[in-house]
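# Architecture at a glance
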Amino acid sequence: MPGVSMSARILSPLDRLLAGLERAMEAVAGSPEPSRRSPGDAIADAPLDDAERRHAAGLMRINHVGEVCAQALYVGQAALARTDETRQHLMHAAQEETDHLAWCAERLKQLDSRPSLLNPFWYAGSYAIGVAAAAVGDPISLGFVVETERQVEAHLAEHLERLPAQDERSRAILRQMQADEIRHADAAQARGGVDLPWPLPRLMHAASAVMKTVAYRI
């Protein structure tokens, strides 16, 4: 809720449920308010032909879905975090992911496109995964953050190469997102995140590949 610091008081289970529902609605259907200005705002938009615009929009839609999933993962993990310190760490990272979500949504509008029609599905599935990871314990939960962010970092690097050469506005957004994801992974590892057992990283990569293929178009 605006003007209220949730970390300043102890939240009841009902408080957390309502806050989680509010975040879900913002992520899936709303226009979350970023706390930082979009890195693309300072860059003039370059002309793109129809094919380039559709391609850039497809890539940015994938990244928007990734941020919807990140919101759900972090909120799901925070719901069952064993310590207040881990919960606060996850929610702080979720706030920065909200910036990414808003930047991608704004860029999609600039490209005359839209978010994925399957965002409710992506959110629900990612929330369930976050809860499951947290249920095992904070070290695994934080390790899940590390692995997730490392994989996101890699796919952002791929998108930086695949964007149309003149689309520096989208590229500036992805570069800042990539820097934030690296920092999130390092912070989670420093807090005790452990390497995930095989085959979890491979399964995560496979699920991500399916998401990227579908979200590019739908």
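Rules and cut-offs
Residues numbered from 1 in each chain as written. Predicted model: local features only at pLDDT ≥ 70, side-chain atom pairs only at ≥ 80, totals over all residues. Heavy atoms only, no water. pLDDT = per-residue confidence, 0-100. Helix = DSSP H or I, 4+ residues; strand = E, 2+ residues; numbered from the N terminus. Salt bridge = Lys/Arg side-chain N within 4 Å of Asp/Glu carboxyl O. Buried < 20%, exposed > 50% of the residue type's maximum accessible area, 1.4 Å probe, protein only. 1 Å grid on protein atoms, 1.4 Å probe; cavity = no way out; pocket = protein on both sides within 12 Å on 5 of 7 lines; lining within 4 Å. Points joined across faces, edges and corners; volume = space filled by probe spheres on them. Nonpolar A, V, L, I, M, F, W, Y, C, P; charged D, E, K, R; others polar. Patch = residues over 30% accessible without salt bridge, like charges linked within 9 Å, V, L, I, M, F, W, Y side chains within 5 Å. Areas by Shrake-Rupley, 256 points an atom, 1.4 Å probe, with all protein chains shown as cover. Axes fitted to C-alpha atoms, helices over the stretch in contact; angles between N-to-C directions. Parallel < 35°, antiparallel > 145°, perpendicular 65-115°, else oblique. Left-handed = near helix turned anticlockwise from the far one by under 90°. Contact = heavy atoms within 4.5 Å. Phe/Tyr/Trp six-rings, centres within 6.5 Å; stacked < 30°, edge-to-face > 60°.

## As for the confidence of the model for the protein chain
On average, the protein chain scores 87 in pLDDT, and the residues at 70 or more come to 88%. The secondary-structure element of the protein chain with the lowest mean pLDDT is helix α1 (residues 13-29), recorded at 67, while helix α6 (residues 168-190) shows the highest, at 95.

## So, the pattern of salt bridges
Tallied over the entire structure, the rule returns 13 salt bridges. A salt bridge links Arg 36 to Asp 99, with the shortest nitrogen-to-oxygen separation between them at 2.7 Å. Of this pair, Arg 36 sits in the loop between α1 and α2 (50-79) while Asp 99 is found in helix α3 (residues 84-110), placing the two residues 63 residues apart along the sequence. Residue classification places Arg 36 among the partly exposed residues on the basis of a relative accessible area of 26%.

## Focus on the layout of surface pockets
Of the volumes computed, that of the second largest pocket is approximately 740 Å³. Surrounding the second largest pocket, 32 residues form its lining, Cys 69, Leu 73, Met 204, Ala 207 and Ser 208 being those nearest its centre. Of all the secondary-structure elements, those providing two or more residues to the lining of the second largest pocket are α2, α4 (119-136), α5 (138-162) and α7 (200-215). In the lining of the second largest pocket, the residues fall into 17 nonpolar, nine polar and six charged.

## So, a nonpolar patch on the surface
Residues Leu 117, Leu 118, Phe 121 and Ile 218 make up a contiguous nonpolar surface patch of roughly 390 Å² in combined accessible area. Relative to the assigned elements, Phe 121 resides in helix α4. Assessed through its relative accessible area of 55%, Phe 121 is described here as exposed.

## Here we look at the packing of α5 against α7
Here α5 crosses α7 at 45 degrees, and the two axes come no closer than 11 Å. Considered as vectors, α5 and α7 are oriented oblique to each other. For the element pair α5 and α7, the recorded crossing hand is right-handed. Facing Phe 144, Glu 147, Thr 148, Gln 151, His 155 and Glu 158 of α5, the residues of α7 in contact are Pro 201, Met 204, His 205 and Lys 212.

## Notes on the packing of aromatic side chains
Applying the stated criterion across every chain yields a total of one aromatic pair. Both rings, one in Phe 121 and one in Trp 122, keep their centres 5.3 Å apart while their planes meet at 65 degrees; by these two values the pair is edge-to-face. Here Trp 122 falls in the buried class, since its relative accessible area comes to 9%.

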